[in-house]
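As a plain string of letters, each chain reads:
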Amino acid sequence: MRKKFVAGNWKMHGSLATNAALLDGVRAGVASLAAEVAVCVPYPYLDQARGALGGSNVAWGAQDVSEHAQGAYTGEVSATMLADFGCRYAIVGHSERRSYYGDTDSVVAAKFEAAMKANLVPILCVGETLDEREKNVTAAVVTRQLDAVISRCGIAALAKSIVAYEPVWAIGTGLTASPEQAQEVHALIRARVAREDAGVAAGLRILYGGSMKPGNAKELMAQPDIDGGLIGGAALVAADFIAICAAA
Ligand code: PGA
């Protein structure tokens, strides 16, 4: 049985003052829940997350990571720096990074590898755009994004990671994949991994992301291959995020 996992992706939101209330609320609200919980905060607030969440059952992480170990890469943040701040997770390949910042499949695979080398758990995001869904190439797109990581890092690396299926058309739009639509892609991801290693596939946690809310979380997470959620907008409201964690 895979343990459910819920991660908040705060994106570029927050301030010291608003974070303090949110972190305290989440820490208290999920203390007795069974699901694993994490929040991925903007870089400047990692130290605040460490202070507020240390000793709790909420882990913290970053929303991206450099593919380089160190050096002349102005503005970048390395995986070892994240580990220094107690991060356990780093999101890689979020669709906003892919579309606005040019993160190609091969850059995402390099970031995944960099995170693993620093003992972080990468949360690898995959997902199709609306145009790709309408052209019926969802399976090909998701498989291509996954295969880039498998071919660079090997299938064993996936055993130490988390995958998030995030249909781009559902992110921040209020449109959610139906439980059946999401399950279909989750099953396809698991089957792709099973072709390489059935054991890794059975243990792999595959999160759904894209307008998951307290009202739809339970139904989505009841699907056999949906092992939790990657939550954007609803992660900024403590009560909503806690309700999703409770549904898990
Ligand atoms: P959303 O974002 O929950 O606001 O749709 C999810 C994400 O981008 O990870």
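Preceding this paragraph is the structure being described.
Here is a short report on the structure shown in this document. What you see is a predicted model, and the numbers here were worked out from it, not measured in a lab.

### A short note on the side chain of His186
Consideration 1: Here His186 shows up in helix α9 (residues 179-196).
Consideration 2: Of note is the side chain of His186, whose polar atom sits 3.4 Å from the backbone oxygen of Ile206.
Consideration 3: At a separation of 2.9 Å, a polar atom in the side chain of His186 contacts the main-chain carbonyl oxygen of Asp225.
Consideration 4: Aside from chain neighbours lying at most four places away, what touches His186 is Tyr165, Ile206, Leu207, Tyr208, Asp225 and Ile226.

### Comments concerning unusual backbone geometry
The bulk of non-glycine residues show a negative phi, and the bulk of peptide bonds are trans.
Consideration 1: With phi around 65 degrees, Asn119 is a residue other than glycine that occupies positive phi space.
Consideration 2: When its relative accessible area of 68% is taken as the criterion, Asn119 is described as exposed.
Consideration 3: Positive phi outside glycine occurs at Asn136, with the angle close to 65 degrees.
Consideration 4: Looking at the secondary structure, you find Asn136 in the loop between α6 (130-134) and α7 (138-153).

### Section: the site of the ligand
Consideration 1: Near the ligand you find 13 residues, and of these Lys11, His94, Glu166, Gly172 and Ser211 are the closest.
Consideration 2: Side-chain polar atom of Asn9 to an oxygen atom of the ligand: 3.4 Å apart, as the coordinates give it.
Consideration 3: A distance of 2.7 Å separates an oxygen atom of the ligand from a polar backbone atom of Gly172.
Consideration 4: For the ligand, the protein covers 97% of the area, taking 280 Å² as the surface of the free molecule.
Consideration 5: For the shell around the ligand, the class distribution of residues is four nonpolar, seven polar and two charged.

Parameters and conventions
- Residues numbered from 1 in each chain as written.
- Predicted model: local features only at pLDDT ≥ 70, side-chain atom pairs only at ≥ 80, totals over all residues.
- Heavy atoms only, no water.
- Helix = DSSP H or I, 4+ residues; strand = E, 2+ residues; numbered from the N terminus.
- Polar contact = N/O pair within 3.5 Å; in protein donor to acceptor, adjacent residues only side chain to side chain.
- Contact = heavy atoms within 4.5 Å.
- Buried < 20%, exposed > 50% of the residue type's maximum accessible area, 1.4 Å probe, protein only.
- Near = heavy atom within 4 Å.
- Areas by Shrake-Rupley, 256 points an atom, 1.4 Å probe, with all protein chains shown as cover.
- Nonpolar A, V, L, I, M, F, W, Y, C, P; charged D, E, K, R; others polar.

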